[in-house]
Amino acid sequence: MLSLLRTAALAAVLPSLLLAQSGPPTTVTTSAGQIRVEKLASLEFPWAVAPLPDGRLLITEKPGRLRIFANGKLSEPLAGIPKTSYRERKQEQGGLLDVIADPNFAQNHRIYFSFSEPAAQQSPDQKETDDKRFGGFLDLTDNMLSGGAVARATLDGNTLKDVQVIWRQDPKTIGRGHFGNRMAFAPDGALFVTSGERMRFDPAQDQKSTLGKVMRIGSDGKAEIYSSGHRNMLAIAIQPSGQPWVLEMGPLGGDELNMVERGGNYGWPIVSDGDNYDKSPIPDDKTRPEFKAPIKTWTPVISPSGALFYDGSLFPWKGDLIAGGLSSQAIIRLTIDGKTVKNEERINMGRRMRDVVQASDGAILAVTDDKAGELLRLAPAEVKKVQEVQ
Ligand SMILES: [Ca+2]
């Protein structure tokens with residue numbers, strides 16, 4: 001009887017044990033044929049992946065850990081990451097966010113990472129604002145002041161040295177969301193940082209605030225507001241010409257692709273192709289020509305997060321913008337000609353895609369947004385020349 005029970009218990013446990021393994025590669029279908037999806041590692045809420053010129057990968061986990069993936073193995077978390085405002089709760093958007101290597105990493109070993117930085121002091125009676133435009137969407141018990149920040153460090157082996165905050169969102173505010181804080185380097189060495197409007201709406205139009213702005217940090221370290229009127233930009237990619245593009249989450253509908261121009265105002269929260277969460281309408285983009293209109297909007301939304309301009313040769317997608325999608329559980333590929341999207345392909349991944357980057361060999365690396373998150377490698381599936389037996 002005992003052994004029977006034990007056998008039954010083992011049989012019940014076995015399938016979950018098997019699921020916990022990484023398992024064989026799967027494939028997804030695209031216009032360029034079958035793509036092999038290989039799981040490289042398991043991570044808790046990974047947010048960003050960044051290749052280093054020596055082949056190692058930097059990976060952030062939102063709860064506050066930076067790890068290195070090398071030779072098929074994930075390192076222990078690196079010491080020296082500042083405390084973030086991350087708390088384990090529904091739809092937490094803060095924590096350790098993006099990571100990127102300096103374009104001259106091979107010489108200077110510098111990396112940059114962004115995170116939500118808690119304020120040194122907070123009043124216990126701070127409460128989330130009850131802005132009607134959010135409907136019932138907000139966590140009204142929130143009481144932590146925080147703001148996005150970018151830090152620079154030197155990576156010596158697997159050790160972070162000289163960690164220094166080089167930019168902070170201003171002002172810090174309550175609220176768990178809309179940090180943005182995606183980063184990309186321009187060809188001239190400037191670091192672009194997306195700075196979300198922290199669910200505060202109006203500061204996106206206030207030139208004294210850095211909320212709701214695209215920031216440009218020059219190689220001299222000076223930060224300037226590059227463009228304004230943005231909401232929640234979770235993806236930025238820069239073309240070889242130096243032209244930055246951002247993807248931003250709309251409210252209820254109206255996700256946007258914007259070609260970012262210096263001094264441009266992109267209209268949030270005055271115009272949007274979406275509506276507020278309380279269903280109250282927002283005037284559409286086309287009603288206010290003084291604002292820069294998005295190149296493309298999506299309703300229903302794709303929830304973009306992480307993007308790249310592809311310049312490899314493994315896929316026939318040179319010059320295309322490739323973005324991860326959260327709610328769409330997809331990789332979105334856009335063929336862009338000037339200011340026009342000529343073609344859109346949605347590759348169904350069946351997972352919330354948090355970030356995509358290009359590896360040095362042209363493969364696409366991705367991380368998924370999940371407590372049981374994954375590091376994935378995407379490459380064309382091997383061509384199998386199987387002759388059918390007649
Ligand atoms: Ca807009």
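All figures in this text were calculated on a predicted structure; none of them were measured in a lab. (Residues numbered from 1 in each chain as written. Predicted model: local features only at pLDDT ≥ 70, side-chain atom pairs only at ≥ 80, totals over all residues. Heavy atoms only, no water.)

(A) Inspection of the overall build of the protein chain at higher detail. For the protein chain, the helix and strand inventory stands at two helices and 25 strands. Burial analysis of the protein chain (390 residues in total) assigns 52% to the buried set. Within the protein chain, contacts between residues at least 6 apart in sequence are counted, and of these 57% link residues at least 24 apart. Of the roughly 18,000 Å² that the protein chain leaves accessible, carbon and sulfur atoms contribute 52%. (Helix = DSSP H or I, 4+ residues; strand = E, 2+ residues; numbered from the N terminus. Buried < 20%, exposed > 50% of the residue type's maximum accessible area, 1.4 Å probe, protein only. Contact = heavy atoms within 4.5 Å. Areas by Shrake-Rupley, 256 points an atom, 1.4 Å probe, with all protein chains shown as cover.)

(B) Local environment of the environment of Ser241. Counting through the fold element by element, Ser241 comes out in the loop between β15 (232-238) and β16 (244-249). Look at Ser241 and you get exposed, because its relative accessible area is 63%. Note: C-alpha distance between Ser241 and Pro187 (54 residues apart in sequence) is 7.6 Å. Of the polar contacts made by the side chain of Ser241, one reaches the backbone nitrogen of Gln243; its length is 3.4 Å. (Polar contact = N/O pair within 3.5 Å; in protein donor to acceptor, adjacent residues only side chain to side chain.)

(C) Representation of the nonpolar core. By size, the foremost hydrophobic cluster in this structure holds 26 residues, and its most contacted members are Leu58, Leu66, Val99, Ile111, Phe113, Leu155 and Leu160. Among the secondary structure elements, those contributing two or more residues to this core are β3 (46-51), β5 (65-70), β7 (96-101), β8 (110-118) and β9 (146-156). Residues Val28, Tyr310, Phe315 and Ile364 belong to the second largest nonpolar core, which totals 17 residues. (Core = buried A, V, L, I, M, F, W, Y, C linked by side-chain atoms within 4.5 Å.)

(D) Geometry of the coordination of the calcium ion. The protein atoms donating to the calcium ion are Glu256 (OE), Glu256 (OE) and Tyr266 (O), with metal-donor distances spanning 2.4 to 2.6 Å. Here Glu256, found in strand β17 (residues 255-259), pairs with Tyr266, found in the loop between β17 and β18 (296-298); they are 10 residues apart in sequence, far enough to count as distant. Assigned by exposure class, Glu256 and Tyr266 land together as buried. (Donors = N, O, S within 2.8 Å, 3.2 Å for Na, K, Ca; no water.)

(E) Broad picture of the pairing of strand β11 (residues 180-185). Of all six residues in β11, six are buried, a share of seventy percent or more. Side chains Gly180, Arg182 and Ala184 of β11 all project onto a buried face; the interleaved residues Asn181, Met183 and Phe185 project onto the opposite face, where all are buried too. Bridge analysis of β11 against strand β12 (residues 191-195) gives four bridges, and the strand direction is antiparallel. Bridged to Met183 within β12 is Val193. Taken together, β11 and the strand that follows it, β12, pair antiparallel across an intervening segment of five residues, in which Gly189 is found at a positive phi of about 90 degrees. (Pairing = 2+ DSSP bridges.)

(F) Summary view of the layout of surface pockets. Roughly 980 Å³ of volume is contained in the largest pocket. Lining of the largest pocket is provided by 37 residues; of these, Pro51, Ile100, Phe185, Leu308 and Gln358 occupy positions nearest its centre. Every element with two or more residues in the lining of the largest pocket is listed here: β3, β7, β11, β15, β19 (304-309) and β23 (353-358). Classifying every residue of the lining of the largest pocket gives 26 nonpolar, six polar and five charged. As for the second largest pocket, its lining consists of 31 residues, of which Gln91, Gln93, Met249, Leu326 and Arg352 are closest to the centre. Partitioned by chemical class, the residues of the lining of the second largest pocket number 13 nonpolar, nine polar and nine charged. (1 Å grid on protein atoms, 1.4 Å probe; cavity = no way out; pocket = protein on both sides within 12 Å on 5 of 7 lines; lining within 4 Å. Points joined across faces, edges and corners; volume = space filled by probe spheres on them. Nonpolar A, V, L, I, M, F, W, Y, C, P; charged D, E, K, R; others polar.)

(G) Structural view of the environment of Glu344. Looking at the secondary structure, you find Glu344 in strand β22 (residues 340-348). We classify Glu344 as partly exposed; its relative accessible area is 27%. Considered as a pair, Glu344 and Leu334 are 10 residues apart in the sequence and their alpha carbons are 4.7 Å apart. Sequence-distant contacts of Glu344, defined by excluding residues within four places in its chain, comprise Lys296, Trp298, Ile332, Arg333 and Leu334. A distance of 3.2 Å separates the side chain of Glu344 from the side chain of Lys296, its partner in a polar contact. A polar side-chain atom of Glu344 sits 2.9 Å from a polar atom in the side chain of Trp298.

(H) Structural detail: the packing of aromatic side chains. Per the stated rule, a full pass over the model turns up seven aromatic pairs. A ring pair is formed by Tyr112 and Phe185, whose centres lie 5.4 Å apart and whose planes are at 70 degrees; its orientation type is edge-to-face. One end of the pair, Tyr112, is in strand β8; the other, Phe185, is in strand β11, and 73 residues separate them in sequence. Between the aromatic rings of Phe113 and Phe115, the centroid separation amounts to 6.0 Å while the plane-to-plane angle is 45 degrees, which identifies the pairing as tilted. Note on Phe113: relative accessible area 0%, which makes it buried. Of the aromatic side chains, those joined through ring pairs into one cluster are Tyr310, Phe315 and Trp317. One cation-aromatic arrangement involves Lys62 over Phe45; the distance from NZ or CZ to the ring centre is 5.1 Å. A cation over a ring is seen here: Arg231 above Trp268, with NZ or CZ 5.1 Å from the ring centre. (Phe/Tyr/Trp six-rings, centres within 6.5 Å; stacked < 30°, edge-to-face > 60°. Lys NZ or Arg CZ within 6 Å of the ring centre and 35° of its normal.)

(I) Highlighting the sheet that holds β11. Reading across from one edge, β11-β12-β13-β14 is the order of the four strands in this open sheet, with antiparallel pairing throughout. The open sheet has two edge strands with one neighbour each: β11 and β14 (223-227). For this sheet the average axis-to-axis angle between neighbouring strands, irrespective of direction, equals 25 degrees. (Axes fitted to C-alpha atoms, helices over the stretch in contact; angles between N-to-C directions.)

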